[in-house]
Amino acid sequence: MSDISKQPSLFYHLGVRESFDMANNVILYHDTDADTAQSLKDMVTQKNTVANNKAFLRVQVPPEYHSGNLLGKASSGNYYFIPYIVTPCADYFCCESDAQRRASEYMQPSWDNILGPLCVPLVDKFVSLLKDVHVTSCAYYKETLLHDIRKAREKYQGDELAKELARIKLRMDNTEVLTSDIVINLLLSYRDIQDYDAMVKLVETLEMLPTCDLADQHNIKFHYAFALNRRNNAGDREKALQVMLQVLQTCDHPAPDMFCLCGRIYKDMFLDSDCKDTNSRDHAIEWYRKGFELQSTLYSGINLAVLLLVAGQQFETSMELRKIGVRLNSLLGRKGSLEKMNNYWDVGQFFSVSMLANDVGKAVQAAEKLFKLKPPVWYLKSLVQNLMLIQRFKKLTIEHSPRQERLTFWLDIIFEATKETTNGLRFPVLVIEPTKVYQPAYVSINSEADERSLSLWHVSPTEMKQIHEWNFTASSIRGISISKFDERCCFLYVHDNSDDFQIYFSTENQCSR
């Protein structure tokens, strides 16, 4: 910068650095001319003022836009202007103030003795500056990582999300950029794609880092225990229970979810024993009861009610079950009507409560709504566990009616959605009528006849005058295509039929078969 002819080129390169979001820039100037030094100082002050105004604007936009390019490129980062002098003994001193510069001019014969107390050595100035820059860079990097993880969760699913998380994780090569928020969001992202092994390994890696204590935090231990229980390798559930019991011993104000996770671990142990381990069942009831008493929620209440039914209690004779039922209906009422629910978790709880209350009509409506919301398989598996326990242990009133047939169909389609492999030739499906009504039906494939054929029939058709059963041979089928909007849906085109069929299967795999 001491050479005026080179200054335009150097400022051009500073602009290039800005375009690459290189936020911190240091300008060194050998202070030999007071006017040039003042001119450079004014230019740097102006740039920093623009950058500060831009930072002020950042506060007024949502956080998700902070690390993007929506704020323009007028000026970014911090500029540090450091004028310096060189003594006859080749010592370098900063002279940032006018007083320091004037002192250096009048004390040239004894620079080394006098300037030491007045001016900061250039090396010391650099050390201090780099520490500040490091802190600022880490804060920006943490914010960027957190933004990218959250954006990936919103934008991607399944394998695409797994690949994006792997790319983001490669940038986390320094423990200084790790925060509780970053780790939690990464754990939640792995949970979304059911990569429980990655959740476990992430926390166990943090435990091995000598300078990182994030793995000791209760919220991270909670997700660690959750992942161990879901992964379910040999010894995982026992370890998950041990982790949670230690958390509860050291936590002054445990959250209800912590009690419920202990209940879930014991409940899974009970299910693993084919419902024979009554000790685990009773422990599960105890923990869910603690969670429900601490804070009544639909999740804890539904699981507590189901396990009490498994233990032999019935709504007709159990005062505790009746109180739970009243509380569940109150909590469900706060969610609003079923028609306004757009969250599969809320609709699934509505369905579970309807099944507990043996309300067939509401259960059918909730099941259809749940199907339309396309919940993830891991959630359906959890729902099916409770449904199977209700069917096995609750005294159900068996009625032979169209409503009951429809409920049986919806239970079939939900159970089918949780099966990893399907080898059968009979599938529950939904046929979309021209009126956009979802009509429950079954599809059966006959591959043993001389000519393969397909049968389709409605479940409890509402209008008996219309045709509600079809049989098509392979030669009568013009083609089948998969919907681009929902991989569970296909279109069946047939000869000699006025209407084609839009058919929904329970899973993508069944549809593609």
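Sequence order as written defines residue numbering, which begins from 1 separately in each chain. This being a predicted model, a pLDDT of at least 70 is required before a residue's local features are given, and a value of 80 or more before pairs of side-chain atoms are given or counted; all residues contribute to the totals for chains, interfaces and linings. Only hydrogens and water are set aside; all other atoms, that is, all heavy atoms of the structure, feed into the side-chain values.

1. Overview of the sheet that holds strand β5 (residues 438–446)
Taken together, the seven strands give an open sheet; going across it, the order is β7-β6-β5-β4-β10-β9-β8, and neighbouring strands pair in antiparallel fashion. On the outer flanks of this sheet lie β7 (469–473) and β8 (477–482), each paired with one strand and no other. Pairs of neighbouring strands in the sheet enclose a mean axial angle of 30°, with direction left out of account. Pairing between strands requires that DSSP locate at least two bridges from one strand to the other. Every helix listed is a DSSP run of H or I at least four residues long, and every strand listed is a run of E at least two residues long, numbered separately from the N terminus. In this sheet, strand β9 (residues 489–494) lies alongside β8 in antiparallel orientation, the contact comprising five bridges. Paired with Ile 482 across the strands is Cys 490, a residue of β9. Along the sheet, helix α18 (residues 402–417) contacts β4 (426–432) and β5; its crossing angle with β4, the most-contacted strand, is approximately 110°. The angle between two axes is taken between their N-to-C directions and runs from 0 to 180 degrees, where each axis is a line fitted to C-alpha atoms and a helix contributes only its stretch in contact. The contact definition used throughout considers only heavy atoms, calling two residues in contact when any of these lie within 4.5 Å.

2. Section: the side chain of Lys 221
Inspection of the secondary structure assignment puts Lys 221 in helix α9 (residues 218–231). No salt bridge is formed by the buried Lys 221; its nearest oppositely charged neighbour, Glu 207, is found at 4.5 Å. The residues contacting Lys 221, other than those within four sequence positions of it, are Ala 215, Asp 216, Val 243 and Val 247. Only protein chains enter the calculation, and the probe is 1.4 Å; a residue is then buried if its accessible area is under 20% of its type maximum, exposed if over 50%, and partly exposed in between. Note that His is not counted, nor are the chain ends; the positive residues are Lys and Arg, and the negative ones are Asp and Glu. Salt bridge, as used here: a side-chain nitrogen of Lys or Arg that lies within 4 Å of a carboxyl oxygen of Asp or Glu.

3. Description of the side chain of Ser 354
By the element assignment, Ser 354 lies in helix α15 (residues 344–356). Residue classification places Ser 354 among the buried residues on the basis of a relative accessible area of 5%. When neighbours within four sequence positions are excluded, Ser 354 is seen to be in contact with Asp 359, Lys 362 and Ala 363.

4. Observations concerning the nonpolar core
Counting 109 residues, the largest nonpolar core has Phe 351 and Ile 414 as its most contacted members. With residues near it in sequence (within four places) discarded, Phe 351 still touches Ala 363, Ala 366, Ala 367, Leu 383, Leu 387, Leu 407, Leu 411 and Ile 414. Within the second largest apolar cluster, 16 residues are counted, among which are Val 443, Phe 472, Cys 490 and Phe 501. The set of buried Ala, Val, Leu, Ile, Met, Phe, Trp, Tyr and Cys residues whose side-chain atoms join them within 4.5 Å is what this entry labels a nonpolar core.

5. Here's the deal with the pattern of salt bridges
Applying the stated criterion to the full structure yields 21 salt bridges. With a shortest N-O distance of 3.4 Å, Lys 239 and Glu 204 are connected by a salt bridge. Of this pair, Lys 239 sits in helix α10 (residues 236–250) while Glu 204 sits in helix α8 (residues 196–208), and the two are 35 residues apart along the sequence. With relative accessibility at 35%, the residue Lys 239 sits in the partly exposed group. The partner of Lys 335 in a salt bridge is Asp 346, with the nearest N and O atoms 3.2 Å apart. Of this pair, Lys 335 sits in the loop between α14 (319–334) and α15 while Asp 346 sits in helix α15, placing them eleven residues apart in sequence.

6. So, the sheet that holds strand β1 (residues 24–30)
Reading across the sheet, the three strands line up as β1-β2-β3 and stay open at both edges, with mixed pairing between neighbours. Each of the sheet's edge strands pairs with one partner strand only, and the pair in question is β1 and β3 (92–94). When strand polarity is set aside, the average angle formed by the axes of neighbouring strands in this sheet is 35°. Where strand β2 (residues 78–86) and β3 come together, three bridges link them in antiparallel fashion. Bridged to Val 86 within β3 is Tyr 92. Along the sheet, helix α1 (residues 7–19) contacts β1 and β2; its crossing angle with β1, the most-contacted strand, is approximately 165°.

7. Section: the packing of aromatic side chains
When the centres of two rings from Phe, Tyr and Trp lie within 6.5 Å, Trp using its six-membered ring, the rings pair. Their planes under 30 degrees apart give stacked, over 60 give edge-to-face, and anything left gives tilted. For the structure on display, the rule yields 18 aromatic pairs. The interplanar angle of 90° and the centroid separation of 5.7 Å between the aromatic rings of Phe 409 and Tyr 442 together place this pair among those described as edge-to-face. Taken together, the positions of Phe 409 in helix α18 and Tyr 442 in strand β5 put the pair 33 residues apart, joining distant regions of the chain. Its relative accessible area of 6% is what places Tyr 442 among the buried residues. Within the aromatic cluster, the residues linked to one another by ring pairs are Phe 371, Phe 409, Trp 410, Tyr 438, Tyr 442, Trp 457 and Tyr 504.

8. Overview of the confidence of the model for the protein
Here pLDDT means the predictor's own confidence in every residue, given as a number from 0 to 100. The pLDDT averaged across the protein works out to 82; a share of 83% of its residues lies at or above 70. Averaged pLDDT values for the elements of the protein fall to 51 in helix α3 (residues 98–106) and rise to 97 in helix α12 (residues 278–294).

9. Focus on the pairing of strand β6 (residues 453–458)
Of all six residues in β6, five are buried, a share of seventy percent or more. For β6 and β7, the ladder comprises five bridges, and the chain directions are antiparallel. Looking at β7, one finds that Trp 457 is bridged to Glu 469.

10. Comments concerning helix α7 (residues 180–192)
Working rule for helices: expected span equals 1.5 Å times residues minus one. Here α7 contains 13 residues, and its C-alpha end-to-end distance of 18 Å stays within 8% of the 18 Å for a straight helix at 1.5 Å per residue. Of all 13 residues that make up α7, ten are buried, and the element is covered over most of its length. Regarding α7, the residues found buried are Ser 180, Ile 182, Val 183, Ile 184, Asn 185, Leu 186, Leu 187, Leu 188, Ser 189 and Tyr 190. Of the residues one or two after α7, Gln 194 is the one with positive phi, at around 55°.

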